[in-house]
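Okay, here's what each chain looks like letter by letter:
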Amino acid sequence: MIWNVLTAALTLVYPLAIWWGHGSVEPRFLAGLLLLTIATRLPTLKLSLAARWSVAGGLALAAAAVASNAVLPLKLYPVLVNGVMLAAFGYSLLAGPSMVERLARLREPDLPPAAVAYTRRVTQAWCVFFVFNGAAALGTALFASDALWSLYNGVIAYLLMGAMFGGEYLLRLRFKRVHHA
């Protein structure tokens, strides 16, 4: 539980810390924040292939930042996270059950067929979200100012994610009402 809170806090603060530190702290030292963020994911390594890929990619980005003393590898971390999430959600569509179905079955083990189809569509919607969010993260890392990168990856992306969660929740309530589930 404490690891989840620490991971969430570091993930939320990360873009702002990179923005504040850039120009006054060398990127090779800012890489320490990325390493700390990665370290909070270590307890999940046995549980998830996605966590292992996220850690490996994060270590590669931190190493690139240290070696080059450039901030770009640090700004690519949100791209990595979106890519790993896209891979995990997308793979679940191929291998089954879908990621959202797995999560739904934690609360409701006996999902009716209509709910299974619905969770598959929600997983597909999250894949689309990760594609566009990852593309925006990449675009801001490569072409935008540090302030805009930080604003998008530290605020706007989370607002969009919250809107996605909220919208899906409202659709789920409607789905349950229509299907008497």
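Residues numbered from 1 in each chain as written. Predicted model: local features only at pLDDT ≥ 70, side-chain atom pairs only at ≥ 80, totals over all residues. Heavy atoms only, no water.

Student: Can you walk me through the layout of surface pockets in this structure?
Tutor: Empty pockets left among the atoms are what a rolling probe the size of a water molecule brings to light. Approximately 260 Å³ is the volume attributed to the second largest pocket. Leu49, Ala50, Trp53, Val84, Ala87, Ala88, Tyr91, Ser92, Met99 and Arg102 are the residues that line the second largest pocket. Secondary structure elements with two or more residues in the lining of the second largest pocket: helix 3 (49–68), helix 5 (77–95) and helix 6 (99–107). Top element by residues in the lining of the second largest pocket is helix 5. It accounts for 5 residues. (1 Å grid on protein atoms, 1.4 Å probe; cavity = no way out; pocket = protein on both sides within 12 Å on 5 of 7 lines; lining within 4 Å. Points joined across faces, edges and corners; volume = space filled by probe spheres on them. Helix = DSSP H or I, 4+ residues; strand = E, 2+ residues; numbered from the N terminus.)

Student: Mind showing me how you'd approach the side chain of Asn133 here?
Tutor: Relative to the assigned elements, Asn133 resides in helix 7 (residues 113–143). Its relative accessible area of 5% is what places Asn133 among the buried residues. Only 2.5 Å separates the side chain of Asn133 from the side chain of Tyr152, close enough to count as a polar contact. Sequence-distant contacts of Asn133, defined by excluding residues within four places in its chain, comprise Asn82, Tyr152 and Ala157. (Buried < 20%, exposed > 50% of the residue type's maximum accessible area, 1.4 Å probe, protein only. Polar contact = N/O pair within 3.5 Å; in protein donor to acceptor, adjacent residues only side chain to side chain. Contact = heavy atoms within 4.5 Å.)

Student: I would appreciate a short explanation of the packing of aromatic side chains in the present structure.
Tutor: For any pair of aromatic rings, the description consists of the separation of the ring centres together with the inter-plane angle of the planes. Applying the stated criterion across every chain, the model contains 6 aromatic pairs. Arranged with centres 4.7 Å apart and planes meeting at 25°, the rings of Tyr118 and Phe175 form a pair that is stacked. Highlighted residues: Tyr118 in helix 7 and Phe175 in helix 8 (residues 146–178), separated in sequence by 57 residues. One exposure class covers both Tyr118 and Phe175, and it is buried. (Phe/Tyr/Trp six-rings, centres within 6.5 Å; stacked < 30°, edge-to-face > 60°.)

Student: So what exactly am I meant to see when it comes to unusual backbone geometry here?
Tutor: Negative phi values dominate among residues other than glycine, just as trans dominates among peptide bonds. Of note, the bond from Gly96 into Pro97 is cis; its omega dihedral lies within 30 degrees of zero at -15°. Its location among the elements puts Pro97 in the loop between helix 5 and helix 6. The phi torsion at Asn69 lies on the positive side, around 55°, for a residue other than glycine. Positionally, Asn69 belongs in the loop between helix 3 and helix 4 (72–75).

Student: Whenever I open this one, the packing of helix 6 against helix 7 confuses me. Can you help?
Tutor: When two helices pack together, their arrangement is given by the angle between their axes and by how far apart the axes lie. Packing of helix 6 against helix 7 brings their axes to within 7 Å, and their N-to-C directions diverge by 125°. By the criterion of interaxial angle, the relationship of helix 6 to helix 7 is oblique. In the crossing of helix 6 with helix 7, the sense of the turn from one axis to the other is right-handed. Seen from helix 6, the contacting residues are Met99, Val100, Glu101, Ala104 and Arg105; seen from helix 7, they are Val116, Thr119, Val122, Thr123 and Trp126. (Axes fitted to C-alpha atoms, helices over the stretch in contact; angles between N-to-C directions. Parallel < 35°, antiparallel > 145°, perpendicular 65-115°, else oblique. Left-handed = near helix turned anticlockwise from the far one by under 90°.)

Student: I would appreciate a short explanation of the confidence of the model for the chain in the present structure.
Tutor: Keep in mind that low pLDDT regions are not for reading the predicted coordinates in detail. Here the chain averages 88 in pLDDT, and 94% of its residues register 70 or above. Mean pLDDT values for the elements of the chain range from 76 in helix 1 (residues 2–21) up to 97 in helix 7. (pLDDT = per-residue confidence, 0-100.)

Student: Honestly, the pattern of salt bridges in this entry has me stumped. Any pointers?
Tutor: A side chain of one charge can pair with a side chain of the opposite charge when the charged atoms of the two come close. Enumeration over the complete set of coordinates arrives at 5 salt bridges. Across the salt bridge formed by Asp146 and Lys75, the nearest N and O atoms sit 2.8 Å from each other. Residue Asp146 is found in helix 8, and its partner Lys75 is found in helix 4; the two are separated by 71 residues along the sequence. Among the salt bridges present, the one from Lys176 reaches Glu108, with a minimum N-O distance of 3.1 Å. Here Lys176 is found in helix 8, whereas its partner Glu108 is found in the loop between helix 6 and helix 7, with 68 residues between them in sequence. The exposure class of Lys176 is partly exposed, given its relative accessible area of 30%. Given the relative accessible area of 34%, Glu108 is considered partly exposed. (Salt bridge = Lys/Arg side-chain N within 4 Å of Asp/Glu carboxyl O.)

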